[in-house]
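# Observations on the three-dimensional arrangement
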Amino acid sequence: MSAGGATPAAGGATPAAGGAPASAAQPAPTPGSEAFRVAAFAAMVLLRRFDERVCAAVGEGRLEGTVMHSSIGQEAAAVGVGLQRLPQDVLLSTHRGVHHCVAWGADLVKLLAECFGFAGGFAGGLGGHMHIVDPDSGILGTNGIVGAGLPIAVGAALGLRLQGSPGVAVAFFGDGAANTGAVHEALNLAATTAAPVVFVCEVNGFAETTPTRATTGGTVAERGAAYGLPSAAVDGCDVHAVAEAAAEAFARARAGKGPTLLECRVFRQGGHWVGDPELYRDPEDKARFPERDPLALLLASGPVEGEAQIRAQVEERLDAVFADAFSQPRPERVDVPAVAT
Ligand SMILES: Cc1ncc(C[n+]2csc(CCOP(=O)(O)OP(=O)(O)O)c2C)c(N)n1
Ligand SMILES: [Mg+2]
């Protein structure tokens, strides 16, 4: 049986091994409770270690024909939101979206296989990490087109409402994306239709190599007011703060009260892409990571029950996931027919 899935019986996303309660219909644990601390810690360890192992594999030259975007440092935003999801909810993600998919409860073997171009991936290994789609777990797509997930989320949310579903669409985007037209059209359309969407902007201070302060007037959260959207800006490295704000936003959407815009201020520990020499980045900024590390911040607020066991279970699970994905064959070669000119 696969070690990747969200089925507890598969040795998969039990709370202690990390991952969102994808197969569970029960609500998320209350932020501040011990159950929340354990679930959030386990999920963040899973995201961190999955990402670190992916980066290591890229460093070993195992990724062919594309690049990888790491999300180390941004785990609390993905987990604080992901813990709120119920099975009927859907996710729209970004080019830097592997952590969103892990937090959402994606099958890790299929996810990893897709990232590295193996045949068992969600798209048969032909799409890569910016084309992750898994309708079974409500993942409607990571997306290489910056800002493009938001209009899709609004459409998906309106579709859910038409079907009578209580589902919510979640759309992650970056601070660079916040300056694209599609994002503003989506915020406006969601507001005018009271679509059940939770918009989550991960403000990591950069769009590729460009610092946000050079491109962004005001804050992303302030922009919500222009469209009449309830908005909040939270410390995106604090999983409790994210979860509290996200729980309110999901509740608003489920109650038919429309969309919410959340700004999560996160810390991009690595470069834009794995291998980025980051010549544009102030080393002092990068050295701040220990103060902004979501895992360290959670542990600083008190011990997490069973920490060592959680870490060991995550390693064991990932050993199986990586062995499974990396032993798969490559997809069949597809010859694209020449287009007559
Ligand atoms: C529409 C569009 N414009 C430009 C790009 C090139 N591009 C890829 S990632 C990126 C930066 C996006 O920054 P942000 O939204 O803050 O996301 P982050 O990389 O920080 O997670 C850009 C400009 C693109 N992929 N799509
Ligand atoms: Mg950014």
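Now for a description of the structure that goes with this document. Every value quoted in this text rests on a predicted model; they were computed, and no experiment measured them.

### Side note on the environment of L299
Summarising the element assignment, L299 is placed in helix α11 (residues 294–300). We classify L299 as partly exposed; it has 14 C-beta atoms within 10 Å. Sequence separation of L299 and F41 is 258 residues, and the distance between their C-alpha atoms is 8.5 Å.

### Some words on the nonpolar core
A169, A171, V197, V198, V200, V242 and L262 are the most contacted members of the largest nonpolar core, which totals 92 residues. At 11 residues, helix α1 (residues 34–59) tops the list of elements feeding residues into this core. Setting aside residues no more than four positions away along its own chain, V197 makes contact with A153, V154, A157, A169, A171, A190, A253 and P259.

### Comments concerning the site of ligand 1
If you check the shell around ligand 1, you find 15 residues, and the closest are V146, G174, G176, A177 and A207. Residues of the shell around ligand 1, tallied by class, amount to five nonpolar, seven polar and three charged.

### Topic: the packing of α1 against helix α12 (residues 307–326)
At their nearest, the axes of α1 and α12 sit 10 Å apart, and the two run at 40° to each other. With respect to their mutual orientation, α1 and α12 come out oblique. Between α1 and α12 lies a crossing whose hand is right-handed. Residue-level contacts link F41, A42, V45, L46, R49, F50 and R53 of α1 to I310, R311, V314, E315, L318 and F322 of α12.

### Side note on unusual backbone geometry
With a phi close to 50°, A194 is a non-glycine residue in the positive phi region. With respect to the helices and strands, the residue A194 is situated in the loop between α6 (181–193) and β4 (197–203). A194 sits in the partly exposed class, given 16 other C-beta atoms within 10 Å. Even without a glycine there, the phi angle at E208 is positive, about 55°.

### Thoughts on α12
Between its terminal C-alpha atoms α12 stretches 28 Å, which fits the 28 Å expected from 20 residues at 1.5 Å a residue. Buried residues of α12: I310, V314, R317, L318, V321, F322 and A325, and no others. Mapping the buried residues of α12 onto a view down its axis gives an arc of 135°, with all of them on the same face. Facing away from the buried side of α12, by more than 90 degrees, are the exposed residues A308, Q309, D319 and A323. Where α12 is buried, its residues touch α1 and α4 (108–115).

Rules behind the numbers
- Residues numbered from 1 in each chain as written.
- Chains lettered and ligands numbered in written order.
- Predicted model: local features only at pLDDT ≥ 70, side-chain atom pairs only at ≥ 80, totals over all residues.
- Helix = DSSP H or I, 4+ residues; strand = E, 2+ residues; numbered from the N terminus.
- Buried ≥ 20, exposed ≤ 12 C-beta atoms within 10 Å, placed from the backbone.
- Core = buried A, V, L, I, M, F, W, Y, C linked by C-beta atoms within 7 Å.
- Contact = placed C-beta atoms within 7 Å.
- Near = placed C-beta within 6 Å.
- Nonpolar A, V, L, I, M, F, W, Y, C, P; charged D, E, K, R; others polar.
- Axes fitted to C-alpha atoms, helices over the stretch in contact; angles between N-to-C directions.
- Parallel < 35°, antiparallel > 145°, perpendicular 65-115°, else oblique.
- Left-handed = near helix turned anticlockwise from the far one by under 90°.
- Expected span 1.5 Å × (residues − 1).
- Arc of directions from axis to C-beta.

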